[in-house]
Amino acid sequence: MKTEIDFCGIKMKNPVTVASGTFGYGRGHSEFIDLNKLGAIITKGTSLKPKTGNKPPRICETDSGMMNCIGLENPGLDYFMEVDLPWLKKFDTPIIVNCFGGTEGTVEAYVEICKVLNTLPIDGVEINLSCPNVKAGCLAFGTTYEGVKEITTACRKVLTSKPLIVKLTPNVTDITLPAKGAEDAGADGISLINTLTAMKIDIEKRKPILSINTGGLSGPAIKPVAVRMVYQASHAVKIPVMGLGGIMNGDDAIEFMLAGAKCISMGSANLVDPESSIKAIAGIEDYMKRHNIEDINSIIGAVEMN
Ligand SMILES: Cc1cc2nc3c(=O)[nH]c(=O)nc-3n(C[C@H](O)[C@H](O)[C@H](O)COP(=O)(O)O)c2cc1C
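Residues numbered from 1 in each chain as written. Predicted model: local features only at pLDDT ≥ 70, side-chain atom pairs only at ≥ 80, totals over all residues. Heavy atoms only, no water.

1. A word on the overall build of the chain
Item 1. A count of helices and strands for the chain gives 10 helices and 16 strands.
Item 2. Taking 19 Å as the expected radius of gyration for a compact globule of 306 residues, we find that the chain reaches 18 Å, a close match to that expectation.
Item 3. Along the longest, intermediate and shortest principal axes, the C-alpha atoms of the chain span 50 × 50 × 40 Å.
Item 4. In the chain, buried positions account for 56% of the 306 residues.
Item 5. Looking at the chain alone, contacts between residues at least 24 apart form 71% of all its contacts between residues at least 6 apart.
Item 6. When the accessible area of the chain is evaluated, it comes to approximately 13100 Å², of which 53% is carbon and sulfur surface.
Item 7. Taken together, the 31 basic and 34 acidic charged side chains of the chain have centroids lying 4 Å from each other. (Helix = DSSP H or I, 4+ residues; strand = E, 2+ residues; numbered from the N terminus. Rg over C-alpha atoms; globule rule 2.2 N^0.38 Å. Buried < 20%, exposed > 50% of the residue type's maximum accessible area, 1.4 Å probe, protein only. Contact = heavy atoms within 4.5 Å. Areas by Shrake-Rupley, 256 points an atom, 1.4 Å probe, with all protein chains shown as cover. Lys, Arg positive; Asp, Glu negative; His and termini not counted. Charge placed at Lys NZ, Arg CZ, Asp CG, Glu CD.)

Below you can see the structure in the form of structure tokens.
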């Protein structure tokens, strides 16, 4: 059975990656799983300078999911380069660094971090144009064709030696527009979806639960929305799509691949069961055996519409 995937030139042993912000830089999860087994590791969202997050409460459960407003807290790129990157390099697994433009969130700030990432021994860069939880919002760029095209063009100019993946927000009316913006600007791939903007209210206190009132909804609750958007986006562009949003197991991963995803990413699942990504790889292999599939690539976009 062939489970290898080539995503934008990144050679993965299998289509399963772990989503930004739910796996840190891998150390915690490495106590539970063998990181060598993953298709790729996507790091926590990283900015040039260290960034503090929002104040608590910044996480809560919902029916079939969770909400967060972490606010892209991270130790900064220098710390990543000195401490986490050398550690991650011990594993035989591609490293994709998820980045954003710090507290400024400007085009220039994205360009500055991409310039440095271009020089590092990493396998790809994912630019986050889709976080709903920071004020100087990357979301400002992420919702329109023009905005995505502008920032992707600027990052592409300096990111000459690494695959560039643009992470899109579902908080739009038509997902094909930002997807085309990324493609037209020269991105190598897109990933979707990030979280859906949501609110939960404590009815006794008559106040929202999360400190900044709203947060990003993730987990199984958003999966049908994500599958629909992956289907639409993958039919609108020629560059490959990484699908995510509520994937908990191998069957969910297969569903995204049938919809058109070339590889998948698991986020909230890592917080429920640290072994979920490894179990999903086994689940994909089990599906392949049951359906006599020799090459996982053969199911990408293979859904037959009614
Ligand atoms: C606690 C938490 C932190 C996250 N941090 C980031 C981040 O730093 N950068 C990013 O692009 N996405 C971030 N995300 C979004 C996830 O990578 C993913 O797109 C989203 O949660 C949907 O996938 P899921 O339903 O499998 O969790 C975060 C999600 C969660 C739950």
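2. Some points on the packing of aromatic side chains
Item 1. The final tally for this structure, using the stated rule, is 3 aromatic pairs.
Item 2. Between Tyr-25 and Phe-80, the aromatic rings sit 5.3 Å apart at their centres with planes inclined by 35°, giving tilted as the arrangement. Separated by 55 residues along the polypeptide, Tyr-25 in the loop between strand S3 (16-18) and helix H1 (27-30) and Phe-80 in helix H2 (residues 77-88) bring together distant segments of the chain.
Item 3. With a relative accessible area of 0%, Phe-80 lands in the buried category.
Item 4. Ring plane angle 80° and centroid distance 6.3 Å describe the contact between Tyr-110 and Phe-141, whose orientation is recorded as edge-to-face. Taken together, the residues span a long stretch of sequence, with Tyr-110 in helix H3 (residues 107-117) and Phe-141 in helix H4 (residues 139-142) at a distance of 31 residues. Both residues of the pair, Tyr-110 and Phe-141, belong to the buried class. (Phe/Tyr/Trp six-rings, centres within 6.5 Å; stacked < 30°, edge-to-face > 60°.)

3. A short note on the sheet that holds strand S16 (residues 263-266)
Item 1. Taken in spatial order, the 8 strands close into a barrel running S3-S4-S7-S8-S9-S10-S15-S16, and their pairing is parallel. When the angles between neighbouring strand axes are averaged without regard to direction, this sheet yields 25°.
Item 2. Strands in contact with H3 are strand S7 (95-99) and strand S8 (124-128); relative to S7, the strand with the most contacts, it is inclined by about 160°. (Pairing = 2+ DSSP bridges. Axes fitted to C-alpha atoms, helices over the stretch in contact; angles between N-to-C directions.)

4. Digging into the nonpolar core
Most often, soluble globular proteins keep nonpolar side chains buried together rather than apart.
Item 1. Of all hydrophobic cores here, the largest spans 93 residues; its most connected members are Leu-117, Ile-127, Val-166, Ile-190, Leu-192 and Ile-264.
Item 2. Broken down by element, the residue count for this core peaks at 6 residues, all from H3.
Item 3. Setting aside residues up to four positions removed in sequence, Leu-117 forms contacts with Leu-77, Val-97, Cys-99, Ile-122, Val-125 and Lys-162. (Core = buried A, V, L, I, M, F, W, Y, C linked by side-chain atoms within 4.5 Å.)

5. Focus on the environment of Leu-129
Item 1. When you line up the elements, Leu-129 lands in the loop between S8 and H4.
Item 2. Once the C-alpha coordinates of Leu-129 and Lys-262 are considered, the two residues, 133 residues apart in sequence, prove to be 20 Å apart.

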